[in-house]
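Spelled out, the chains give:
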Amino acid sequence: MKTTSSRTTNPQDLADLDSLLTAEEKAVREAVRQVCDDAVEPSIAQWYESGELPAARELAREFGKVGLLGMHLEGYGCAGMSAVDYGLACLELEASDSGIRSLVSVQGSLAMFAIWRWGSEEQKTEWLPQLATGEAIGCFGLTEPDFGSDPGSMRTTARRDGGDWVLDGAKMWITNGSIADVAVVWANAGEENGGIRGFVVPTSVPGFSAPKIKHKMSLRASITSELVLEGVRLPGSAILPEVRGLKGPLSCLNEARYGIVWGALGAGRSAFEAARRYSMEREQFGRPIAGFQLTQAKLANMAVELINGQLLALHLGRRKDEVGLRPDQVSLGKYNNVTKALEICRTARTILGANGISGEFPVMRHANNLESVLTYEGTVEMHTLMIGQALTGIPAYR
Amino acid sequence: MKIVVCVKHVPDAQGDRRFTDDHTVDREGVDGLLSELDEYAVEEALTIAEARSASGEDSTVTVLCMGPEGATDAVRKALQMGADAGVHVCDDALAGSDALATSKVLAAALRTLEFDLVLTGMASTDGLMSVVPAMLAQRLGLPQVTLAGKVELDGTTVRIERDGDSATEVIEAPLPALVSVTDQINDPRYPSFKGIMAAKKKPVNTLSLADLGLSPDDVGLSAAWSVVEAVAARPPRQAGQRITDEGDGGTRLVEFLAGAKIV
Ligand SMILES: Cc1cc2nc3c(=O)[nH]c(=O)nc-3n(C[C@H](O)[C@H](O)[C@H](O)COP(=O)(O)OP(=O)(O)OC[C@H]3O[C@@H](n4cnc5c(N)ncnc54)[C@H](O)[C@@H]3O)c2cc1C
């Protein structure tokens, strides 16, 4: 035991959590920070305000250059990084904006992972390299207008017609939908064909359209779409051959949810940092508001929750790298870190007073974004019930 | 084409700058990084080497750094960006070395390496002396072509452009030569994830003064030709002067600027 202490206090890392990371892990984090500072930060407030992401393709290419897209997958042009690396990347991306992290999560953990894990060799060689460079964009269609938390009841169907498959139905709330070159679509192929099956759908096929969802008040710097499938005819080779049933989509969601365990803390960190700085500059009653005990209590609580969240994320990440995670362990992480990050953003907002609701500061944007993050990839209620089921053995959700 | 880039490890400019009791910059226990101005030199070396390799000529980039143990981080960063190998001169006796000693050590290290071109940044972001490139060229008997905003090479000569206030100079020198580059020359790349992983396996050769045949008496604070007598923190910024426009705002602004001899 040492009786001395490390010399410096770093308000961004009070617990010296950086000492838990390797030099390479820090370099990965730094590379993502740099690309976000250059390619995202200068425009993100504007994109959010206008509710558009005009640079989506350029961003994807920039991210591809660094190796961000499908970074935790091996082969086919993917970087083959660890789960911890992937988590650190998600955190930095989401420190810029949850919508930008969503672009990367959906590309890498949903679209690419589905093909990488369950696809044929032909599907992998066709799609993964171009998705990894960002030349192509992918989306993942599971949710439907009438089925969200209960995707097993979906209405989209896949029907055999000779050697072909014909898809009919609609998907809703699909990230990247309108700009995607390829959609991984989940459809009910009937009991005789294994129930719910995945299909690799080039978005240029007749019968496929993806109108944009408008009037979002959250995740505005992200493209969200409806997928309309009207007699979409695909060759027999379009089906993901290696998986049957809900296990297919759920395995992908587990990957993306794991990224959110880290990502949400990025949004929290940015809001916390904005509030901490603001509190030291803003004066009322003749002194910085940081000098009031109520403000310090808020800051202390936010800092502690961020540290707790990072410890949980890092622990889950190391476990994932070593032995893999059970779904209820991912639920644990998403449940805690998203709810805490949202609380942090809301508290940060109060510290900024009226400026807290202004787009001149990132705080309200992060808070609003996290409302989506709380719901997608399994709602907070569903994750609560997953934890409940793990604790009691009783599934309370059905 | 064999290129050597001299890089320095400097304290992070974002952090607090601290000095040790002998008034030298505290390099222990502070976060350091590859001097930003050296990133341009690394980028330029990589661009040249890539173009040469693409046209079939074997090309390598070696980074050379003198600094304490932690300075390997700067070497590592350059390797992550894509450099092939690193040389790190590290010796306790080096602490407090001035520009003369630094150039002596770097020259000795360069004599152990093969090179056609030596690249450096235009200055270090901590010392800001900007003299090491010239001293180094002098010691090695190389043509020195400094402050390049553009570098072109053919097999035997290097040609640079140096942008001045009113004119751009074009300067040519035979190889081998030493070129320092400005922060206008390129956009340094970020290390890609593949670069980060590949760098783990790249060689870094650590050399002591003895390895270079130098004596501790030649370097370090005691051998320095210049000594920092005192350091003081800059006084806190004075509160600004607020001019409220009461119809005469423009005039008063001009009066202020004229008073400060700005207009
Ligand atoms: C911005 C955004 C992007 C998205 N991107 C994608 C995408 O790319 N691909 C994709 O497939 N989907 C995507 N989604 C959809 C998302 O996954 C769903 O919204 C989510 O699964 C919830 O479904 P729902 O909205 O239909 O809510 P519902 O399932 O209708 O839930 C409504 C409420 O009821 C609660 N509830 C439901 N069932 C139970 C139960 N058994 N016990 C207790 N409470 C329950 C829920 O927790 C929630 O509070 C996205 C959503 C958003 C907002």
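As the structure is a prediction and not an experimental result, all values here were calculated from the model.

What follows covers the overall build of chain B. The secondary structure content of chain B amounts to 6 helices and 12 strands. Expressed along its principal axes, the backbone C-alpha trace of chain B runs to roughly 70 × 45 × 40 Å. Of all 263 residues assigned to chain B, the portion counted as buried reaches 37%. Contacts spanning at least 24 positions in sequence make up 71% of the contacts within chain B whose residues lie at least 6 apart.

Bringing the overall build of chain A into the picture now. Counting its secondary structure elements, chain A contains 11 helices and 11 strands. The C-alpha atoms of chain A give 21 Å as radius of gyration, which agrees with the globular expectation for 398 residues (21 Å, within 12%). Expressed as a percentage of its 398 residues, the buried residues of chain A come to 50%. Sequence separation of 24 or more characterises 75% of the internal contacts of chain A that already satisfy a separation of 6 or more.

Attention now moves to the interface of chain A and chain B. At the junction of the two partners, chain A supplies 14 residues and chain B supplies 10 residues. Broken down by secondary-structure element, the contributors of at least two residues to the side of chain A that touches chain B are α1 (23-39) and α3 (56-66) of chain A. The dominant element in the side of chain A that touches chain B, judged by the number of residues it contributes, is α1 of chain A, at 7 residues.

Once that is clear, we can look at the pairing of strand β6 (residues 117-121) of chain B. Residue and element names in this part refer to chain B. Most of β6 is tucked away, with 5 of its 5 residues classed as buried. The two faces of β6 match: L117, L119 and G121 on one face and V118 and T120 on the other face are all buried. Pairing of strand β1 (residues 2-6) with β6 involves 3 bridges; the strand directions are parallel. When the bridges of β6 are listed, V4 appears paired with V118. Strand direction decides the pairing type here: β6 and strand β11 (residues 177-181), joined by 5 bridges, are parallel. Looking at β11, one finds that G121 is bridged to V181.

Glancing now at the domain arrangement of chain A. How big an interface is tends to be stated in terms of accessible area lost as the parts join. Residues and elements named next belong to chain A. You can read the domains of chain A as domain 1 (17-137), domain 2 (139-238) and domain 3 (247-392). Here the C-alpha centre of domain 2 lies 23 Å away from the C-alpha centre of domain 1. Across the contact, 27 residues belong to domain 1 and 18 residues belong to domain 2. Taken together, the elements giving at least two residues each to the side of domain 1 that touches domain 2 come down to α2 (41-50), α3, α5 (98-118) and α6 (121-133). Sorting elements by how many residues they give to the side of domain 1 that touches domain 2 places α5 first, with 12 residues. When its residues are assigned to classes, the side of domain 1 that touches domain 2 shows 16 nonpolar, 8 polar and 3 charged.

Residues and elements named next belong to chain B. Within the open sheet, the 3 strands sit side by side as β8-β9-β10. Their pairing is antiparallel. Strands with a single pairing partner mark the edges of an open sheet, and in this sheet they are β8 (150-153) and β10 (168-174). Direction aside, neighbouring strands of the sheet carry axes that sit 20° apart on average.

A separate point is the site of the ligand. Residue and element names in this part refer to chain A. Taken together, 20 residues form the shell around the ligand, and within it L142, G148, S149, T379 and E381 come nearest. Broken down by secondary-structure element, the contributors of at least two residues to the shell around the ligand are β3 (138-141), β5 (164-175), α10 (363-375) and α11 (380-392). Per-domain counts for the shell around the ligand show at least three residues from each of domain 2 (139-238) and domain 3 (247-392).

Residue and element names in this part refer to chain A. Interaxial distance between α5 and helix α7 (residues 247-281) falls to 9 Å at its minimum, and their mutual angle equals 155°. In terms of their interaxial angle, α5 and α7 are classed as roughly antiparallel. Judged by the twist between their axes, the crossing of α5 over α7 is right-handed. Facing α5, whose interface residues are S98, R101, S105, S109, L110, F113, A114, R117 and W118, α7 presents G248, S251, C252, E255, A256, G259, G263 and A267. Class assignment for the residues of the contact of α5 with α7 results in 7 nonpolar, 7 polar and 3 charged.

Let us look at the packing of helix α9 (residues 327-351) of chain A against α10 of chain A. All names here are of chain A. The N-to-C vectors of α9 and α10 enclose an angle of 155°; their axes lie 9 Å apart at closest approach. Looking at the two axes, α9 sits roughly antiparallel to α10. Our pair here, α9 against α10, has a crossing hand that is left-handed. For the pair α9 and α10, the contacting residues are V338, A341, L342, C345, R346, A348 and R349 in the first and V363, M364, H366, A367, L370, V373 and L374 in the second. Along the lines of polarity and charge, the residues of the contact of α9 with α10 split into 11 nonpolar, 1 polar and 2 charged.

All names here are of chain B. The 7 strands are arranged β7-β11-β6-β1-β4-β5-β12 in an open sheet whose pairing can be described as parallel. Across the chains shown, the open sheet's two edge strands, defined by having one partner strand only, are β7 (144-148) and β12 (204-207). Neighbouring strand axes in the sheet, compared pairwise and without regard to direction, differ in orientation by 20° on average. Direction of pairing for strand β4 (residues 60-66) relative to strand β5 (residues 85-89): parallel, over a ladder of 5 bridges. Looking across to β5, one finds that V63 is bridged to G86. Against the sheet, helix α3 (residues 99-111) contacts β1, β4, β5, β6 and β12, and its axis sits at roughly 145° relative to β4.

Glancing now at the nonpolar core. Within the largest apolar cluster, 187 residues are counted, with the highest numbers of intra-cluster contacts made by A111, F199 and A348 of chain A together with V5, A78 and V179 of chain B. Ranked by the residues each element gives to this core, the list is headed by α7 of chain A, at 15 residues. Once residues lying within four places of it in the same chain are set aside, the contact partners of V179 of chain B are L117, L119, V145, A148, V151, V158 and I160 of chain B.

Below, the discussion takes up the pairing of strand β9 (residues 224-234) of chain A. Residues and elements named next belong to chain A. Of the strand pairs in this sheet, β5 and β9 are connected by 8 bridges, and their pairing is antiparallel. Bridged to K171 within β9 is L227. Sheet topology note: the strand β8 (residues 208-209)/β9 ladder contains 2 bridges and is antiparallel. Pairing of S209 across the sheet is with V228, part of β9.

This part covers α9 of chain A. Relative to the 36 Å expected for 25 residues at 1.5 Å per residue, α9 of chain A spans 36 Å between its end C-alpha atoms, a close match to the ideal helical length. G353 of chain A sits one or two residues past α9 of chain A and shows a positive phi near 55°.

Turning next to helix α4 (residues 132-140) of chain B. Because each turn of an α-helix spans 3.6 residues, side chains separated by three or four positions in sequence point in the same direction. Residues and elements named next belong to chain B. Buried within α4 are the following residues: V132, P133, L136 and A137. Buried residues of α4, viewed axially, fall in a sector of 130°; they line one side. The inward-facing, buried residues of α4 abut α3, β6, β7 and β11. Following α4 by one or two positions, G141 has its phi on the positive side, about 65°.

Conventions adopted
Residues numbered from 1 in each chain as written. Chains lettered and ligands numbered in written order. Predicted model: local features only at pLDDT ≥ 70, side-chain atom pairs only at ≥ 80, totals over all residues. Helix = DSSP H or I, 4+ residues; strand = E, 2+ residues; numbered from the N terminus. Buried ≥ 20, exposed ≤ 12 C-beta atoms within 10 Å, placed from the backbone. Contact = placed C-beta atoms within 7 Å. Rg over C-alpha atoms; globule rule 2.2 N^0.38 Å. Pairing = 2+ DSSP bridges. Domains from an automatic or database assignment. Nonpolar A, V, L, I, M, F, W, Y, C, P; charged D, E, K, R; others polar. Axes fitted to C-alpha atoms, helices over the stretch in contact; angles between N-to-C directions. Near = placed C-beta within 6 Å. Parallel < 35°, antiparallel > 145°, perpendicular 65-115°, else oblique. Left-handed = near helix turned anticlockwise from the far one by under 90°. Core = buried A, V, L, I, M, F, W, Y, C linked by C-beta atoms within 7 Å. Expected span 1.5 Å × (residues − 1). Arc of directions from axis to C-beta.

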